[in-house]
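If you want the building blocks of each chain, they are given just below.
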Amino acid sequence: MQQHVHAELIGGPEDGRSFIIPAVDADLPLGEFAFPSPRDGEDPCSPYACYNRRDQRPDGVWRYQYAGEQSVAP
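Residues numbered from 1 in each chain as written. Predicted model: local features only at pLDDT ≥ 70, side-chain atom pairs only at ≥ 80, totals over all residues. Heavy atoms only, no water.

What follows deals with the environment of L9. Considering the arrangement of structural elements, one finds L9 in strand β1 (residues 4–10). Residue class for L9 comes out buried when judged on its relative accessible area of 1%. Taking C-alpha positions, L9 is 7.5 Å from Y51, a pair spaced 42 residues apart along the chain. (Helix = DSSP H or I, 4+ residues; strand = E, 2+ residues; numbered from the N terminus. Buried < 20%, exposed > 50% of the residue type's maximum accessible area, 1.4 Å probe, protein only.)

Here it is as structure tokens:
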């Protein structure tokens, strides 16, 4: 059982970002997560950019698709 997997974000403000995340049951990473959207100088109460698990590339990297913004993290 893997404890961590590689992930890549597709679309939205974090497009192209890649990183390592914890794996949960059955070697699957989190189904969804969010990042605070604010950049330098922006309002810290801005919405969160949400991403949902989409699929896994042949090289094992999990891809997450941009799913819009929410006012609170999932």
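Below, the discussion takes up the nonpolar core. With 12 residues, the main nonpolar core is built from V5, A7, L9, F19, I21, A23, F33, F35, A49, Y51, W62 and Y64. Among the elements of the structure, β1, β2 (18–22), β3 (32–36), β4 (48–56) and β5 (62–70) are those that each provide at least two residues to this core. For this core, the element with the most residues is β1, which contributes three residues. (Core = buried A, V, L, I, M, F, W, Y, C linked by side-chain atoms within 4.5 Å.)

Now for the packing of aromatic side chains. Taken as a whole and judged by the stated rule, the model has three aromatic pairs. Geometrically, the ring pair formed by F19 and F33 is edge-to-face, given 5.9 Å between the ring centres and 75 degrees between the ring planes. Of the two residues, F19 is situated in strand β2 and F33 in strand β3; the sequence distance between them amounts to 14 residues. The pair F19 / F33 is uniform in exposure class, with both members buried. Between F33 and Y64, the aromatic rings sit 4.7 Å apart at their centres with planes inclined by 55 degrees, giving tilted as the arrangement. (Phe/Tyr/Trp six-rings, centres within 6.5 Å; stacked < 30°, edge-to-face > 60°.)

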